[in-house]
Amino acid sequence: MDTIQQTIQPQGSHFIDGAHVEDKAGREILCRYAATGEVVATLHSATPAVIEQALASAKRAQAEWAALPPVARGRVLRRVADILRDRNEALSQLETIDTGKPIQETRVADASSGADALEFFGGIAASLTGETMHFGGAGGDFVYTIREPLGLCVGIGAWNYPTQIACWKAAPALACGNAMVFKPSEVTPLCALKLAEIFVEAGAPKGLFNVVNGYGDVGAALVTDARVDKVSLTGSVPTGRKVYAAAAGNIRHVTMELGGKSPLVIFDDADLENAVSAAINANFYSTGQICSNGTRVFVQEAMVKPFTDRLVERTRNARIGDPLDPETTIGPMITDDQRQKVLNYVRIGQQEGAQLLLGGTCPDGPGYWIEPTIFGGVTDGMTIAREEIFGPVLSILSFSDEAEVTARANATEFGLAAGVFTADMKRAHRMVAALEAGTCWINEYNLTPVEAPFGGVKLSGVGRENSRAALEHYSQVKSVYVATGDVEAPF
Ligand SMILES: NC(=O)c1ccc[n+]([C@@H]2O[C@H](COP(=O)([O-])OP(=O)(O)OC[C@H]3O[C@@H](n4cnc5c(N)ncnc54)[C@H](O)[C@@H]3O)[C@@H](O)[C@H]2O)c1
Ligand SMILES: C[N+](C)(C)CCCC=O
């Protein structure tokens, strides 16, 4: 661990105006490797002076950045993408140490997903244009629109995907000509610092992408600063409510990527192995710490027994172990607190009458481990079927027909995602049209290519990340009326 600590400890807790910054007056942040519980780095939460420095520098950088030709801005973003890909192995190891996620996952889902976003939005930067509307024929009056940046954006991240979340926010924001101050989760403060270094290396103006680490109070201070034009949060619904309300004080733009309790619906004509694979991916990838997970697995009556038997059988093959071992498929939970929260839900599930079919206990040893857990016989009213657990707990609920399962799938305050498995494509399209969710999958789950919008409805959020849709949330349109004739007036 000595070696890890020496290479992991960043030169400063924050990255501002092109350099690492430290202010030890801030509250300590102990960064623990979730697999062992050992402290691998010690950082300090941003003080008011650090926050001021970050906002002032980003404000300056934004003016410089917005004045660049769009094609030059795009080039910088694409260079960042190239560096992320070149250093994928080192960045994946850092992500694994920051989060505890298995290296098998981080090699394909984190820096590489961030690179996709930077490449996509870097490529699009030069084609962001306005529109023209003509009145009264050729040579008559017309209106043209200018797509302008919002200005200074604040990004606030959750702990499950620290690199991906930072890139999914920064890439569209910067492509539109904004600057960003990003606050990672206090639990995973390391990856975004590395990303900030890479931005400068790729030629971004100093201050364009600043990182301030800290607890919730640092996020709150950023959100309420009058210089901030937009806030994009990835986090829980309770935090979303606070941040949305705080941003409303100054009538600021928001994107809210919040929690979920998504349904995965499996009809009895679905391919069994594919449905089981999807249920595994939708519940145990990243040890279940994914916002869009399909944690309510609705299975049609005739399919319940074969599906359950095969799911339990295959989940027994999960390899829990050292996250840096490429064979490991299940890592630890992010913190002991999160693990205790999940264990409490397991207890409640049993007390309320759900059948514990697999897991529910913690392997011996240090670190924040919990086994992949499967409950059968779950009913809609049970706590484990209603609340977001954010851990590896899968609930199987049985249903009889399409109308019934559609109504039950929608009977939640959340609306992030949903999946449908069936061989009947007419039914699949009819169902996703009726499902109240921002992102739906047919015969797949949790795939989120950068070309497709991602985001939620209802309590799961506002706005969209990825795709051209994200550009709408990081830019504003100015309308310019141009007259070509005399001005008429009543007197
Ligand atoms: N929809 C999505 O894309 C998505 C993706 C990942 C995670 N999530 C959600 O995130 C949650 C788990 O992450 P978490 O535990 O880090 O969430 P959280 O809400 O506890 O914290 C998220 C971030 O908000 C900050 N914060 C806390 N209080 C704040 C305040 N008053 N003002 C400003 N910032 C504040 C935290 O420091 C952290 O950086 C789950 O609910 C999960 O579903 C959603
Ligand atoms: C790309 N994933 C793995 C679906 C993660 C999306 C963000 C939610 O946690």
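What counts and how
Residues numbered from 1 in each chain as written. Chains lettered and ligands numbered in written order. Predicted model: local features only at pLDDT ≥ 70, side-chain atom pairs only at ≥ 80, totals over all residues. Buried ≥ 20, exposed ≤ 12 C-beta atoms within 10 Å, placed from the backbone. Helix = DSSP H or I, 4+ residues; strand = E, 2+ residues; numbered from the N terminus. Pairing = 2+ DSSP bridges. Right-handed = clockwise from strand over helix to strand, strands pointing away. Near = placed C-beta within 6 Å. Nonpolar A, V, L, I, M, F, W, Y, C, P; charged D, E, K, R; others polar. Domains from an automatic or database assignment. Contact = placed C-beta atoms within 7 Å. Core = buried A, V, L, I, M, F, W, Y, C linked by C-beta atoms within 7 Å.

A.B. asks: Before we go on, may I ask you to explain the pairing of strand β13 (residues 296–300) in this structure?
C.D. replies: The side chains of a regular strand alternate, residue by residue, between the two faces of the sheet. Across the five residues of β13, five count as buried, placing the element largely inside the fold. Of the two faces of β13, the one carrying Arg296, Phe298 and Gln300 and the one carrying Val297 and Val299 are both buried. Across four bridges, the pairing between strand β12 (residues 263–266) and β13 is parallel. When the bridges of β13 are listed, Val265 appears paired with Phe298. In this fold, the crossover linking β12 to β13 by way of helix α11 (residues 272–284) has right-handed handedness. Relative to strand β16 (residues 393–399), β13 runs parallel, the two being bridged by five bridges. When the sheet's bridge partners are listed, Val297 is paired in β16 with Ile396.

A.B. asks: So what exactly am I meant to see when it comes to unusual backbone geometry here?
C.D. replies: Note: most peptide bonds trans; most residues except glycine with negative phi. Unlike most non-glycine residues, Asp17 shows phi in positive territory, near 55 degrees. Mapped onto the elements, Asp17 comes out in the loop between β1 (14–16) and β2 (19–21). C-beta crowding within 10 Å serves as the criterion here: with 18 such atoms nearby, Asp17 is assigned to the partly exposed category.

A.B. asks: Got a minute to help me understand the site of ligand 1 in this structure?
C.D. replies: The local shell around ligand 1 holds 29 residues, among which Gly216, Gly219, Gly235, Thr239 and Gly259 are the closest. Looking at the shell around ligand 1, the elements with two or more residues in it are α9 (216–223) and α10 (237–249). The dominant element in the shell around ligand 1, judged by the number of residues it contributes, is α9, at four residues. A per-class count over the shell around ligand 1 returns 11 nonpolar, 13 polar and five charged. When residues of the shell around ligand 1 are assigned to domains, at least three fall in each of domain 1 (14–258 + 460–477) and domain 2 (263–442).

A.B. asks: Explanation requested: the domain arrangement of the chain in the structure shown.
C.D. replies: By the assigned domains, the chain splits into domain 1 (14–258 + 460–477) and domain 2 (263–442). Placing a centre on the C-alpha atoms of domain 1 and another on those of domain 2 gives a separation of 31 Å. At the interface, 18 residues of domain 1 touch 23 residues of domain 2. Only α4 (88–99) and α5 (103–109) provide two or more residues apiece to the side of domain 1 that touches domain 2. Counted by class, the side of domain 1 that touches domain 2 contains six nonpolar, nine polar and three charged residues.

A.B. asks: Is there a simple way to explain the nonpolar core in this structure?
C.D. replies: Most often, soluble globular proteins have nonpolar side chains that are buried together. Residues Leu77, Leu118, Ala171, Met180, Val265 and Ile266 are the most contacted members of the largest nonpolar core, which totals 136 residues. At nine residues, the largest contribution of residues to this core is made by helix α7 (residues 162–175). When residues of this core are assigned to domains, at least three map to each of domain 1 (14–258 + 460–477) and domain 2 (263–442). Setting aside anything within four residues of it in sequence, one finds Val265 in contact with Phe298, Val405, Ala409, Gly419, Val420, Phe421 and Met431.

A.B. asks: Which parts of the structure should I look at to understand the environment of Leu343?
C.D. replies: Note that Leu343 resides in helix α13 (residues 336–351). Separated by 19 residues in sequence, Leu343 and Cys362 place their C-alpha atoms 8.8 Å apart.

A.B. asks: Help me understand the environment of Glu413 in this model?
C.D. replies: With respect to the helices and strands, Glu413 occurs in the loop between α15 (402–410) and β17 (417–421). Looking at Glu413, the number of C-beta atoms within 10 Å reads 11, which means it is exposed. Between the C-alpha atom of Glu413 and that of Lys458, which follows or precedes it by 45 residues, the distance is 6.3 Å. Excluding anything up to four places from it in sequence, Glu413 contacts Lys458 and Leu459.

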